[in-house]
Amino acid sequence: MKHWLLIGIFILGYGMLSKGLCQNSIIMTVSGPIPAAQMGKTLIHEHILVDFIGADSISSSRWDKEQVLETVSPYADEIAAFDINTLIECTPAYLGRDPELLLALSKKSGLNILTNTGYYGAVNNKYLPEKAFDLSAKELAAIWIAEWESGIENTGIKPGFIKIGVNSDSLSDMHQKLIRAAGLTHKQTGLTIASHTGPYVPASQQVALLKEIGVHPSAFIWVHAQNESNMENYSRLAHEGAWISLDGIQPSNQVEYLKKLKFLKERGLLDRILISHDGGWYSPGEENGGNFREYTTISREFIPLLLENGFTKADIRQLMVSNPANAFSIGIKFSKND
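Residues numbered from 1 in each chain as written. Predicted model: local features only at pLDDT ≥ 70, side-chain atom pairs only at ≥ 80, totals over all residues. Heavy atoms only, no water.

This paragraph deals with the environment of Q206. Its location among the elements puts Q206 in helix α7 (residues 200–212). Judged by relative accessible area, which is 0%, Q206 ranks as buried. Linking Q206 and A327, residues 121 residues apart in sequence, is a C-alpha distance of 17 Å. Beyond its immediate chain neighbours, meaning those up to four positions away, Q206 contacts I164, V166, L171, I179, S195, T197 and F220. At 2.6 Å, the side chain of Q206 forms a polar contact with the side chain of S195. (Helix = DSSP H or I, 4+ residues; strand = E, 2+ residues; numbered from the N terminus. Buried < 20%, exposed > 50% of the residue type's maximum accessible area, 1.4 Å probe, protein only. Contact = heavy atoms within 4.5 Å. Polar contact = N/O pair within 3.5 Å; in protein donor to acceptor, adjacent residues only side chain to side chain.)

Quick look at the structure:
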């Protein structure tokens with residue numbers, strides 16, 4: 001089914017966005033488009049399978065889908081029991097992205113699952129295909145747009161967002177090309193850009209480059225923003241409209257995340273914040289997929305901690321329901337310069 005023909009009806013400009021859900025907004029899952037209002041509680045940055053062998057050796061033959069499903073399904077069932085409706089799977093191409101595996105898990109668990117398009121340049125480009133070095137930003141964007149229009153690798157499964165990755169220092173020429181390609185892809189598809197980043201400097205540089213080509217910061221998710229030590233920098237990019245993703249919540253670091261969220265709540269910025277675990281990580285080649293990290297700390301422990309420390313049920317809904325739906329709704333966000 002040509003889902004993209006239907007989606008064109010719903011592409012919205014930034015001026016129609018609000019703190020609530022956009023009327024008629026949609027999300028693209030591995031099973032097809034759904035209304036954003038059906039996302040429900042969402043984990044915005046998780047993984048099912050990740051293979052660190054490198055772009056020159058990666059192949060889906062390195063894992064058995066049925067074995068992965070057997071290992072991962074209990075974890076998916078566990079979060080469903082906590083009323084989590086949607087899981088956004090952030091493993092990019094050439095690192096173990098497997099749309100068919102995600103579709104099978106979605107059908108088995110009942111979870112909405114999103115996959116992505118884009119290339120991951122972090123770790124000094126180890127996970128970039130060779131062609132990425134020679135192609136222009138426009139040519140890279142054409143590959144990613146084709147996945148949106150026709151599906152990923154002959155599966156017919158469409159990406160729900162753009163995933164790129166950059167190093168934690170000032171952007172290299174290669175990584176500037178990646179963010180420009182992501183911006184061009186956004187302008188054609190309305191897909192949100194989630195960039196593995198970390199510190200403020202490369203995050204701010206990416207936002208600046210997007211604005212140069214006419215993409216509003218609200219199309220950009222600053223992934224792993226918890227790695228920035230100066231919380232005032234969260235305010236700077238949040239005030240521009242970017243999404244601040246605090247996505248490494250684990251049992252051992254909840255007090256640190258509580259401090260960050262208190263800071264942002266006091267400044268009235270909870271409507272620009274996303275939270276998740278960065279959990280999962282089935283690892284091909286390791287016995288039983290290695291040490292798989294569960295997805296329940298937020299539901300089981302962190303939300304009660306927030307409620308004990310001045311956060312309201314409305315705040316929790318903002319973080320877990322409204323913000324993910326707004327962040328991943330498909331719609332072209334034009335900057336004032338365009």
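Glancing now at the pattern of salt bridges. Per the stated rule, a full pass over the model turns up 10 salt bridges. Across the salt bridge formed by R62 and D51, the nearest N and O atoms sit 2.5 Å from each other. Here the residue R62 occupies a position in the loop between β3 (41–46) and α2 (65–81), and D51 occupies one in the loop between β3 and α2, the gap between them amounting to 11 residues. R62 gets classed as partly exposed once you look at its relative accessible area, which sits at 32%. Salt bridges sharing partners connect three or more residues here, namely R97, E147 and E153. (Salt bridge = Lys/Arg side-chain N within 4 Å of Asp/Glu carboxyl O.)

In this model, the protein chain carries an average pLDDT of 93, and 93% of its residues clear a pLDDT of 70 or more. In the predicted structure, residues 1–19 sits below a pLDDT of 50 and forms 39 contacts with residues beyond four places in sequence or in another chain. (pLDDT = per-residue confidence, 0-100.)

Let us look at helix α10 (residues 297–307). Turning to α10, its buried residues are T297, I298, S299, F302, I303 and L306. End-on, the buried residues of α10 take up no more than an arc of 145°, which puts them together on one face. The secondary structure elements touched by the buried residues of α10 are β3, β4 (84–89), α9 (254–266), β11 (273–275) and α11 (313–328). (Arc of directions from axis to C-beta.)

Considering all chains together, one arrives at 10 aromatic pairs under this definition. Ring centres of F52 and Y127 lie 6.1 Å apart, and the angle between their planes is 65°; on these two criteria the pair is classed as edge-to-face. Taken as a pair, F52 in the loop between β3 and α2 and Y127 in the loop between β6 (116–117) and α4 (131–134) lie far apart in primary sequence, 75 residues in all. Accessibility expressed as a relative area gives 4% for Y127, which makes it buried. Ring geometry for F52 against W281: centres 5.7 Å apart, planes inclined by 15°, an arrangement best described as stacked. Residue F52 is found in the loop between β3 and α2, and its partner W281 is found in the loop between β11 and α10; the two are separated by 229 residues along the sequence. Its guanidinium or amino end placed over the ring of W243, R272 lies 3.8 Å from that ring's centre, counting from NZ or CZ. (Phe/Tyr/Trp six-rings, centres within 6.5 Å; stacked < 30°, edge-to-face > 60°. Lys NZ or Arg CZ within 6 Å of the ring centre and 35° of its normal.)

This next bit is on the side chain of H175. With respect to the secondary-structure elements, H175 resides in helix α6 (residues 173–189). For H175, the side chain forms a polar contact with the side chain of N125, separated by 2.8 Å. When sequence neighbours within four positions are dropped, the list of residues in contact with H175 reads G121, A122, N125, G165, V166 and N167.

Within the chain, V123 stands out as a residue other than glycine whose phi angle is a positive 60°. Structurally, V123 is set in the loop between β6 and α4. Positive phi values are uncommon outside glycine, yet N124 reaches one of about 55°. Within the element layout of this structure, N124 appears in the loop between β6 and α4.

This brings us to the pairing of strand β9 (residues 220–223). Working note: regular strand, side chains alternate between the two faces of the sheet. Side chains F220 and W222 of β9 all project onto a buried face; the interleaved residues I221 and V223 project onto the opposite face, where all are buried too. The sheet contact formed by strand β8 (residues 193–196) and β9 spans four bridges and is parallel. Bridging from a neighbouring strand, H196 pairs with V223 of β9. At this point the chain moves from β8, through α7, to the parallel β9, and the crossover so formed is right-handed. As defined by bridge partners, β9 adjoins strand β10 (residues 243–246) across two bridges and the pair is classed as parallel. (Pairing = 2+ DSSP bridges. Right-handed = clockwise from strand over helix to strand, strands pointing away.)

Attention now goes to the sheet that holds β6. The six strands lie next to each other as β6-β7-β8-β9-β10-β11, forming an open sheet whose pairing is parallel. The outermost strands of the open sheet, each flanked by one partner alone, are β6 and β11. One ladder, built from three bridges, connects β10 with β11; its direction is parallel. Residue pairing for β11: S245 is matched across the bridge by L274. The sheet contacts of helix α8 (residues 232–240) involve β9 and β10, and relative to β10 the element is tilted by about 140°. (Axes fitted to C-alpha atoms, helices over the stretch in contact; angles between N-to-C directions.)

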